[in-house]
Amino acid sequence: MEDLDQGPVRSQWGKQIEFVLTMIGYAVGLGNVWRFPYLCFKNGGGAFLIPYTLSLIFLGIPLFALECAFGQYGGKGPLSIWSINPTFKGLGVSMVVASVFVFIYYDVIIAWGLRFLVASFTSDLPWIKCHDCSCLLYDAKNLTEEIVEGLKYNNSIGQNCTDLSLNSTADSPSELYYYKEILHDSGSIEESGDVLWPLLLCNLFAFLVIFLVLLKGIETLGKVVYFTATFPYVLLTILLIRCAMLDGAYDGVLYYLTPKWDRLSDATAWSDAAVQIFFSLSCCMGGLVAMSSYNKFNNNIIRDAFVVPIVNCMTSFYAGFVVFSTLGYMAKIKGVPIEKVTAGGPGLAFIVYPEAIGSMPVSTLWAILFFFMLCILGFSTQFSAAETIMTSIIDEFPKFFNTRKRQTIFRIAVCMMGFILGIPMVTQGGSHLLNLVDEAVLGFPLLLIGLFEYIVIIYLYGFNKFSQDINAMLGRNPFIYFKATWIVISPVLLLAVVVFKAYQMEDFHPGWVGLLYYLIVVFTMMWVPILYFHYSLKHGLWDIMKPKQSWINRRKLSELNKEDKTSEVNDKNTLFINEAPGDKDKLSYVNTAFDDDISKPHDLKDAEMGNGNVTGNGSLAKSADDRKDSANEYSRL
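Residues numbered from 1 in each chain as written. Predicted model: local features only at pLDDT ≥ 70, side-chain atom pairs only at ≥ 80, totals over all residues. Heavy atoms only, no water.

A. A look at the overall build of the chain. Secondary structure summary: the chain contains 24 helices and 2 strands in total. Going through the 637 residues of the chain one by one, you find that 55% of them count as buried. Contacts in the chain between residues at least 24 apart in sequence constitute 81% of all its contacts with a sequence separation of at least 6. Accessible surface computed for the chain: about 27,700 Å², of which carbon and sulfur atoms make up 61%. (Helix = DSSP H or I, 4+ residues; strand = E, 2+ residues; numbered from the N terminus. Buried < 20%, exposed > 50% of the residue type's maximum accessible area, 1.4 Å probe, protein only. Contact = heavy atoms within 4.5 Å. Areas by Shrake-Rupley, 256 points an atom, 1.4 Å probe, with all protein chains shown as cover.)

B. Region of interest: the UniProt feature "binding site: Na(+)" (unreviewed entry) in the chain. Summarizing the sequence annotation, UniProt attributes the feature "binding site: Na(+)" (unreviewed entry) to Gly 25, Ala 27, Val 28, Asn 32, Ser 280, Asn 312 and Leu 377 in the numbering used throughout. Across 353 residues in sequence, these annotated residues keep their C-alpha atoms within 12.6 Å of one another, forming a single compact spot. Within this annotated set, the largest pocket is lined by Ala 27, Asn 32 and Ser 280. Looking at the element boundaries, Asn 32 is found in helix H2 (residues 30–42). A polar contact is formed between the side chain of Asn 32 and the backbone nitrogen of Gly 29, at a distance of 2.9 Å. Mapped onto the elements, Leu 377 comes out in helix H15 (residues 363–396). (UniProt positions renumbered as here; feature names shortened; annotations may be inferred. 1 Å grid on protein atoms, 1.4 Å probe; cavity = no way out; pocket = protein on both sides within 12 Å on 5 of 7 lines; lining within 4 Å. Polar contact = N/O pair within 3.5 Å; in protein donor to acceptor, adjacent residues only side chain to side chain.)

C. How the structure looks around the nonpolar core. Core analysis: the biggest nonpolar cluster contains 185 residues, and Phe 70, Trp 112, Ile 210, Phe 350, Phe 466 and Trp 486 have the highest contact counts within it. Of the residues forming this core, the biggest block, 22 residues, is contributed by helix H4 (residues 89–119). Each residue touching Trp 486, except ones within four places of it in the same chain, is listed here: Pro 62, Ala 65, Leu 66, Tyr 454, Ile 458, Tyr 459, Phe 463, Phe 466, Ile 470, Pro 478 and Pro 491. Cys 133, Cys 135, Leu 137 and Val 148 belong to the second largest nonpolar core, which has 10 residues in total. (Core = buried A, V, L, I, M, F, W, Y, C linked by side-chain atoms within 4.5 Å.)

Next up, the structure:
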C-alpha cells in the first residue's frame, strides 16, 4: 500500500479540552470586546442580532467546520496538507502569509494594552486630569465668554491658552492621553516620526512571552490555554457586575437591545454581520487547519465546530452588556445621548473605557483588571497565530527541523522577525500603518481564500469524496445542513460579500497609500496562481482534479487505529512469567504503542529477561526482533 503521507511523529493535544480551549482563545480576541458592540450600536441595536445570527448559521459555522475537518483529516499544517490537490498549495502559502501580517501588527496592539497596564499602577490614573489646552473645556457646563476668557491665563494646567474660545472643540483627557502620550501620533501615515521606546519595549516583552509559551509547541500551549481562554470570562463578569450598578447602566443596556428595524433594509448591516462573523472566527489564516491537525484522527470535529463558533458569538453578545452599561453611565454623567460618547475600533478600548474607569470608585483596580483582560485576550489569539506559522514551516521541512535544538532556534527567529518587522508600527505614525495593514489583510485576501477553499475542497475534490473522508473519521457522513451550506449557501454568500466590498471601496489619499494597500493584497494572494501554474506546467492540467493516493489512503487510519488500540490492550495485558528454576518470577509487558496517526512505533522495548526472549511454559515465547519485524510491517500499511 502507498505511504500514508504521514511524515514524522507529530505532537497531539494532551486532552481534547485543550484543543477546544485553544480554538476558543484563538477565535475570542480583542474584537469581541469592542467591534461587535460597536457594530450592534451602528446597525440598529437588537435588530443587528438577526443578520449576525443568520451569518453565523450560514457562513461562520460551515466554513469553520470545513477547515477543522480538513485539518484533522490531513493531519498537517496549512502548507503541507495539500495532497488533496497539490495544484493549489499556493492557497496554504497565502494563509500563512496572511497569518504573518496579523502576527506582526496584532502584537503591537498587545503592546498598547501592556503600556496602559503599566500606566495603571498608580493612585492617580494619568488619563483622568487634563494636561493640555484642548481639553480644558471638556465636560464643562454653563460656560460664558467671561469664564472662557479667564481660563486662558488662569487654569489648572498652568499654561497660557490664547486660542481658547467658547466655540472651541474640546477633546477628552483620555483621548489626548491615548494619542499624545501613548502613540505620540504624528497625525498621518506620511510622517513616521521617531520610534516610541516604551512601546518598542512592550512589543519586545510581548514577543518574549510568546516564545516562552510556545517553546515546546502545543505541549505548552495546551496547558497555558486553561488560563488564557477562561480568565477573561472571569474579568468580564466582574466588570459586568460593577458596571451594572452604575447610574445609567440600564439605559445603556436598553439602547443595546432595542431593535431599530429600519436598519435591516440597509445592505451595510448585512455585510457588516457577515464580515464580523467571518473574521471573528479567525477563518482562512491557517490557524484552524494547524490546530485541528494535532487532533486524534477519530475526534468528533463536527461537534467542536459547533461549540467554538457559538461560544465565540455568545462572548461577543456578553461583552456588549459590559460595553453599553459603561456607555450608559458615561452618557448620564455627561448629559449627552449615548451615540455621542461611543467610538468604534481601538477608540472604544483605549479612549472610552479608560475614561469610564477613571470616574469609578477604586479606579486603579478596575483599570488594572480591564487592561490585564485586554492583554490576555490578545495573547490567547496571538499564541495560536504564532503556532500556526511555526507549525506550517516545521511540517514543510521535517528533515531539517528533526531536532529540538533546531526547532527552538527557529521559534526564536520567528519571534525576532515579528519584532523587527513591527518596528515601523511603533513609531509616531505607526498606528496609521497598522490600520492600513489590518484593512488590507482582513479584506479581500481572507474572503478570496475562503472562496477558493470551497472551490478546491467541495467542487474540484468533490463533496461526496470529502463526506467519505469525514465518514472515515467519525463513522458517519456530514448531515444535510453541511451539504446545503458547503455546496451552495456559503460560497454564494462569500462571493456576495466580495462583490459588495469591492463596490464600497473608496480612493486612498495620498496615492502611494493605496498602492501599498494593493501590494499587500497582491503579495498575500499571488502564491495561488504562481504555484498553480508551476505545478500544472510540470505535472499536467489534469492534476487539478486528482488528489494524491496518500490522501485517499488516510481513510484507512480509522480501522488501523482500532486495530492498534486492540493490539495495545492485548499487549499490555499479556503477562509473561519466567519460571526458570532458581529465578524469581519476573513480569514484563510488551510495548508496541503507536501514535494515533500510524506513523512510526514510539518504542519497542525488549522484555528484560534472558537473551531478549521471554519464555513462559514454552508457548508464549517471542523475541524482540520478531516484535520489531511485526511492528515495521504494521507501520508500512
